[in-house]
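An overview of the molecular structure
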Amino acid sequence: MINKRYALGKVLSVGSSSEGNAYYIEIHRKGYPTPFGLLIEAGFPYNELSRRLLNYGVSMRNVNAVLVTHEHHDHSLAVKELVERGKKVYAPLSVFKHWGLEDKVTSRNIFEVGKTKLIADGIDVVAFKVEHDVETVGFIITIRGDWGEHRIFFATDTSYIRYNFFKYTFETIMIEANNTRRVLYYAIKNAKANGD
């Protein structure tokens, strides 16, 4: 049974490490017979990504859109093949340049920090800048329905986020972090002490 309040079905970590990252979110929208499949990150070869999704009962045919944060291979390895297979891939321009795809995408596919991008009926995304060694963004994904809004926060590979989130309420927070619990504990403790 789908929780009508939140409109989310499956939320899957398909892989999370320096070997590859990918996350799948199933979004249910009123008036649509099938869920919208959102893949965040594509850090495996296409066939491996497909195999990993199938382990959870998800076909690549279920993927309607792909969001990619940055060009590092553990986040973007399948981008070229996804674009060539006609998938809607959204990322910073640097990702498409890295894979030699500038001529295969339009401004519709390119994230600009702070700008809202409609990726499907009732689903929009705002990219925000995060601190990393290459151009990297995080995502504020907003799903709208007759039940209200459901907002998802997604961030990865960052030492610091300068964006002001005070105007947002998040129902789902996804942070890909390959740090020890001790490092995370003190980072959260310091942020609370500083009022962040």
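In the block above lies the structure referred to throughout.
Residues numbered from 1 in each chain as written. Predicted model: local features only at pLDDT ≥ 70, side-chain atom pairs only at ≥ 80, totals over all residues. Heavy atoms only, no water.

Overview of the overall build of the protein chain
Note the following rule: Segments assigned H or I by DSSP are reported as helices when at least four residues long, segments assigned E as strands when at least two residues long, and all are numbered from the N terminus. Working convention for charge: Lys and Arg count positive, Asp and Glu count negative, and His plus the chain ends are omitted. A charge is said to be at NZ when it belongs to Lys, at CZ for Arg, at CG for Asp and at CD for Glu.
Tallying secondary structure elements over the protein chain gives five helices and 10 strands in all. Each principal axis of the C-alpha atoms in the protein chain carries an extent, and together these give about 45 × 40 × 35 Å. In the protein chain, the 26 positive side-chain charges and the 22 negative ones have mean positions that sit 5 Å from each other.

Some words on the sheet that holds strand β2 (residues 20-27)
Our working definition: The criterion for strand pairing is that DSSP finds at least two bridges linking the strands in question. An axis is simply a line fitted to the C-alpha atoms; with a helix, the fit covers only the stretch in contact. Between two such axes, the angle follows the N-to-C directions and lies from 0 to 180 degrees.
Taken together, the five strands give an open sheet; going across it, the order is β1-β2-β3-β4-β5, and neighbouring strands pair in mixed fashion. The two strands at the open ends of the sheet, each matched to only one other strand, are β1 (8-17) and β5 (88-90). Neighbour-to-neighbour, the strand axes of this sheet turn through a mean angle of 15°, independent of strand direction. Examined bridge by bridge, strand β4 (residues 63-67) and β5 share three bridges and lie parallel to one another.

So, the pairing of strand β3 (residues 36-40)
Quick reminder of the rule: Burial classes: relative accessible area under 20% of the type maximum marks a residue as buried, over 50% as exposed, and values in between as partly exposed (1.4 Å probe, protein chains only). A clockwise path from the first strand over the helix to the second, with the strands pointing away from the viewer, defines a right-handed crossover.
Counting buried positions along β3 gives five out of five residues, so the element sits mostly inside the fold. The alternating pattern of β3 places Phe-36, Leu-38 and Ile-40 and Gly-37 and Leu-39 on opposite faces, both of which are buried. Inspection of the sheet shows β2 paired to β3 by five bridges, in the antiparallel sense. Along β3, the bridge assignment pairs Tyr-24 with Leu-39. Handedness of the crossover is the feature at issue here: the chain leaves β3, passes through helix α1 (residues 46-54), returns alongside β4, and the resulting connection is right-handed.

Topic: the pattern of salt bridges
The cut-off we apply is this: The term salt bridge refers to a pairing of a side-chain nitrogen on Lys or Arg with a carboxyl oxygen on Asp or Glu at a separation within 4 Å.
Per the stated rule, a full pass over the model turns up eight salt bridges. Residue Arg-85 is joined to Glu-81 by a salt bridge in which the shortest nitrogen-to-oxygen separation is 2.9 Å. Here Glu-112 makes a salt bridge to Lys-115, at a shortest N to O gap of 3.5 Å. Linked by salt bridges that have partners in common, Asp-124, Arg-144, Glu-149 and Arg-151 make up one network.

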